[in-house]
Amino acid sequence: MSFDSIPILDLSLAKDPATKPEFLNQLRHALLEVGFLYLKNYGISEELTQAVIKEGVAFFDLPMEEKLNIEMQNAPSFLGYSRLNAEITAHSTDHREQIDLSTDHPVRSPSQPLYRNLFAPTQWPSPQHLPNFKPTFSNYITRMGEISIYFTSLIAEAIGLEGSAFEKYFDKIQQHKLKIVKYPDLKELGLWKEGDEVTEGQGVGPHKDSMFTSYLLQVTGHKGLQVQNLRGQWINCPPIDGTLVVAIGQGMEALTQGVCMSTTHRVLSPSPGSGARFSVPFFQGVSLDTEFDELNEVGVGNIPEEIKEMRRQIVARNGGRLDDVEFTFKSGGSARTLGEATLRNRIKSHPDVGERWYPEILKDIRAQQKREKEEAERKANASGSVKVESNTPVVGVGKAVEAH
């Protein structure tokens, strides 16, 4: 039987030698069977958490003119403000408004690879309007970066490796990213009116996170985040006070030869009249210079055979792996490095930025998407068309992105 709930782990257990083995057992279960978990007592003060919430929600109340001053289209870094409905996931529009922030880096030099455009100064809102915004989120990104590196060392120990196994995949000054996201409800979006049947709206389409780990602060009490289990069923992941939701990314799955599970998830738009859902996902960075051949052939070393066998038994017990997103972080594609793959994924998600800064790559992506669509239609016609129910897995309709 595949999972039907998301486990809750207490990080304080990992810091006590007497309880650390228990924590690592719980973490191993979450990694191999779920790919998602709640984390409590994670080390961020309530004062900082409340400041993040206050400043994050206040951003969306800024005049549109101020938000457009730091619009994502202004720079090739994919950092900055995105208008409502500006992003695409699983070939459909995401009904969300957001700002992407990052660890600040200098602008790319001409001698560096093109994907180094992703390292750049963040477009911050004006301190005249939000004087505490930059210091609050700079502090939060720094603290979450430290927590994520520590948590990754625990992942290594949970699967039988040295705690330092992942360290070579982090830069000396590692870039981490963060989003602040607003999901308007269906009524505000104009997708529902009095007397209509309530349907599902896409806050974010089915996807997997792209790198190692991500950490979601669910600000409001809305349900909406859903995780897909091995049988293709959608499992609710509602907010729990005092926790972050941790997701395992495709980079982690690739690096551990499939032992750590990267799980498909999505966000549904809030129900009519329930108000906007707000969330703050943090995305742990890794070195974008890492090559896929290194990830797939060398990786973090030899994971004990008994751990690999545990994972094989889980998949076999559930009749194989079923989820909505094809695994894309692998060698043999158009990208040689994590940086190249990440850049292409960002262009797919934000074609408006691609049009302005990366037109040739966007052209290539669209040609590839056309070929994939034609191939899918050819296979469907050959096998006979069938109606696909809403919870039936459809391989390949999503991608690796940064969302929540």
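The following paragraphs examine the structure supplied in this document. (Residues numbered from 1 in each chain as written. Predicted model: local features only at pLDDT ≥ 70, side-chain atom pairs only at ≥ 80, totals over all residues. Heavy atoms only, no water.)

### Quick word on the overall build of the chain
(1) Moving on: Helix and strand content of the chain: 11 helices and 15 strands.
(2) Moving on: Here the chain holds 404 residues, and the buried ones make up 54% of them.
(3) Moving on: Counting only contacts in the chain whose residues sit at least 6 apart along the sequence, the fraction spanning at least 24 positions is 80%.
(4) Moving on: Of the roughly 17,600 Å² of accessible surface on the chain, 50% is carried by carbon and sulfur atoms. (Helix = DSSP H or I, 4+ residues; strand = E, 2+ residues; numbered from the N terminus. Buried < 20%, exposed > 50% of the residue type's maximum accessible area, 1.4 Å probe, protein only. Contact = heavy atoms within 4.5 Å. Areas by Shrake-Rupley, 256 points an atom, 1.4 Å probe, with all protein chains shown as cover.)

### Describing the environment of Thr142
(1) Moving on: Along the polypeptide, Thr142 turns up in helix 4 (residues 133–158).
(2) Moving on: Residue class for Thr142 comes out partly exposed when judged on its relative accessible area of 45%.
(3) Moving on: Sequence separation of Thr142 and Ser102 is 40 residues, and the distance between their C-alpha atoms is 9.9 Å.

### Points about the pairing of strand 14 (residues 277–283)
(1) Moving on: With respect to burial, strand 14 is a largely interior element, seven of its seven residues being buried.
(2) Moving on: Every second residue of strand 14 is oriented toward a common face, with Arg277, Ser279, Pro281 and Phe283 on one face and Phe278, Val280 and Phe282 on the other, all of them buried.

### Description of the layout of surface pockets
(1) Moving on: The space that makes up the second largest pocket amounts to roughly 320 Å³.
(2) Moving on: Surrounding the second largest pocket, 20 residues form its lining, Leu217, Ile240, Asp241, Gly242 and Thr243 being those nearest its centre.
(3) Moving on: Broken down by class, the residue content of the lining of the second largest pocket amounts to nine nonpolar, nine polar and two charged. (1 Å grid on protein atoms, 1.4 Å probe; cavity = no way out; pocket = protein on both sides within 12 Å on 5 of 7 lines; lining within 4 Å. Points joined across faces, edges and corners; volume = space filled by probe spheres on them. Nonpolar A, V, L, I, M, F, W, Y, C, P; charged D, E, K, R; others polar.)

### What about the packing of helix 1 (residues 20–33) against helix 8 (residues 305–317)?
(1) Moving on: Contact geometry for helix 1 and helix 8: axes closest at 10 Å, N-to-C directions at 50°. It follows from the interaxial angle that helix 1 and helix 8 lie oblique. Note on packing geometry: the crossing formed by helix 1 with helix 8 is right-handed. For the pair formed by helix 1 and helix 8, the contact residues are Arg28, Leu32 and Glu33 on the first element and Ile307, Met310, Arg311, Ile314 and Arg317 on the second. (Axes fitted to C-alpha atoms, helices over the stretch in contact; angles between N-to-C directions. Parallel < 35°, antiparallel > 145°, perpendicular 65-115°, else oblique. Left-handed = near helix turned anticlockwise from the far one by under 90°.)

### Notes on helix 1
(1) Moving on: The terminal C-alpha atoms of helix 1, which comprises 14 residues, lie 20 Å apart, in line with the 20 Å expected from a rise of 1.5 Å per residue.
(2) Moving on: At the exit of helix 1 stands Gly35, carrying a positive phi of roughly 80°. (Expected span 1.5 Å × (residues − 1).)

### Observations concerning the pattern of salt bridges
(1) Moving on: For the structure shown, the criterion picks out 16 salt bridges.
(2) Moving on: The partner of Lys179 in a salt bridge is Asp100, and the shortest N-O contact between them spans 2.9 Å. Taken as a pair, Lys179 in strand 7 (residues 177–183) and Asp100 in strand 6 (residues 97–102) lie far apart in primary sequence, 79 residues in all.
(3) Moving on: Taking relative accessible area as the criterion, Lys179 reaches 0% and is therefore assigned buried. (Salt bridge = Lys/Arg side-chain N within 4 Å of Asp/Glu carboxyl O.)

### Re the packing of helix 9 (residues 338–349) against helix 11 (residues 359–383)
(1) Moving on: One way to put it is that helix 9 packs onto helix 11 with a least axis distance of 10 Å and a crossing angle of 80°. In terms of orientation, helix 9 lies roughly perpendicular with respect to helix 11. Together, Leu343, Arg344, Ile347 and Lys348 of helix 9 and Ile361, Leu362, Asp364, Ile365, Gln368 and Gln369 of helix 11 make up the contact between the two elements.
(2) Moving on: Among the residues making up the contact of helix 9 with helix 11, the classes are represented as five nonpolar, two polar and three charged.

### What to know about the side chain of Ser77
(1) Moving on: Looking at the element boundaries, Ser77 is found in the loop between helix 3 (64–68) and strand 3 (80–82).
(2) Moving on: Residue classification places Ser77 among the buried positions, given a relative accessible area of 3%.
(3) Moving on: Apart from residues lying up to four places away in sequence, Ser77 is in contact with Asn117, Leu118 and Ala120.

### Side note on the nonpolar core
(1) Moving on: By size, the foremost hydrophobic cluster in this structure holds 100 residues, and its most contacted members are Phe23, Leu27, Tyr140 and Phe151.
(2) Moving on: For Phe151, the residues in contact, after removing those within four places along its chain, are Leu11, Phe23, Leu27, Leu37, Leu39, Tyr215 and Val246. (Core = buried A, V, L, I, M, F, W, Y, C linked by side-chain atoms within 4.5 Å.)

### Some details on unusual backbone geometry
(1) Moving on: In the Ramachandran plot, Asn41 falls in the positive-phi region, its phi being about 50° despite a non-glycine side chain.
(2) Moving on: A relative accessible area of 44% places Asn41 in the partly exposed class.
(3) Moving on: Even without being a glycine, Phe78 presents a positive backbone phi close to 60°.
(4) Moving on: With respect to the element layout, Phe78 can be found in the loop between helix 3 and strand 3.
(5) Moving on: Residue class for Phe78 comes out buried when judged on its relative accessible area of 0%.

### Brief notes about the sheet that holds strand 9 (residues 213–218)
Hydrogen bonds between backbone atoms are what pair the strands of a sheet, whose relative direction is either parallel or antiparallel.
(1) Moving on: The strand order across the open sheet built from eight strands is 1-2-12-9-14-7-6-3, with neighbouring strands paired in mixed fashion. Strands at the two margins of the open sheet, each flanked by one partner only, are strand 1 (8–10) and strand 3. For this sheet the average axis-to-axis angle between neighbouring strands, irrespective of direction, equals 25°.
(2) Moving on: Two elements, strand 2 (residues 36–40) and strand 12 (residues 243–248), share five bridges in a ladder whose sense is antiparallel. Note that in strand 12 the partner of Phe36 across the bridge is Ala247. (Pairing = 2+ DSSP bridges.)

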